[in-house]
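Notes for the structure review
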Amino acid sequence: MSALLLALYVGAPVILLILGFAVGKTVELTHVRSLELRESALAYIAWSNTRKLPTDWRVNESALVQGQAVIGSDHFKTFASGIRNLFGGRHRSLETIMERARREALIRMLAEAEKRGAQAVWNVRIETSNIAFGGGNGKGLIAAEIYAYGTALRLDRGFGPAPSMQSTGQPH
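These lines cover the structure that appears in this document, whether it is placed above or below. These numbers come from a predicted model, not from an experiment.

Here we take up the overall build of the chain. If you tally the helices and strands in the chain, you get 3 helices and 4 strands. Mapped from its N terminus to its C terminus, the chain presents α and β elements in the order α-β-β-α-α-β-β. For the chain, the residues scored as buried account for 29% of the 172 residues in total. Taking contacts inside the chain between residues at least 6 apart in sequence as the whole, the part at least 24 apart equals 81%. Accessible area of the chain: about 10,800 Å², with a carbon and sulfur share of 61%.

By the element assignment, Arg100 lies in helix α3 (residues 92–115). Buried charge Arg100 goes without a salt bridge, the closest partner of opposite sign being Glu28 at 4.4 Å.

Counting 23 residues, the largest nonpolar core has Met109, Leu110 and Val121 as its most contacted members. Elements with a contribution of two residues or more to this core: β2 (59–72), α3, β3 (120–132) and β4 (142–155). A per-element tally of this core places α3 first, with 9 residues. In this structure, Ala46, Trp57, Trp122 and Leu155 belong to the second largest nonpolar core, which totals 6 residues.

Conventions used here
- Residues numbered from 1 in each chain as written.
- Predicted model: local features only at pLDDT ≥ 70, side-chain atom pairs only at ≥ 80, totals over all residues.
- Heavy atoms only, no water.
- Helix = DSSP H or I, 4+ residues; strand = E, 2+ residues; numbered from the N terminus.
- Buried < 20%, exposed > 50% of the residue type's maximum accessible area, 1.4 Å probe, protein only.
- Contact = heavy atoms within 4.5 Å.
- Areas by Shrake-Rupley, 256 points an atom, 1.4 Å probe, with all protein chains shown as cover.
- Lys, Arg positive; Asp, Glu negative; His and termini not counted.
- Salt bridge = Lys/Arg side-chain N within 4 Å of Asp/Glu carboxyl O.
- Core = buried A, V, L, I, M, F, W, Y, C linked by side-chain atoms within 4.5 Å.

This is the structure:
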């Protein structure tokens, strides 16, 4: 009887951790594929964090555009992060959450610019916030909130980003 209880007390948490890892990894990979598709669809919109526009551009219309994303950690990443805290070092599993949230917020900002007919988004800024669910004791799930905003530009015909300036989905 004690061997059965030991198997239950040890085996169930291990099975749940493995299941959490598998489900979390599947969700993350699906989201990354979705990000890649949407980034490539919006790649024609140039974007930059610089304030000054190229001198040969003529702006027809401008508007503030924004995108926000909150990406949460799964239980396995939270568990792995707690283990990493014991030894120190980089939290690679949490870095992927920040990267996915940043990319998602930028895509949402660019999608809003696309709805407005913009060819470029300039003066892009990114704000971050970390959120911990589960009380003030530092335990619980972790989420990253990213807020991206910039000035969407509709340019006069014949003026605008050269093909070499098109967005690659990465900061310029």
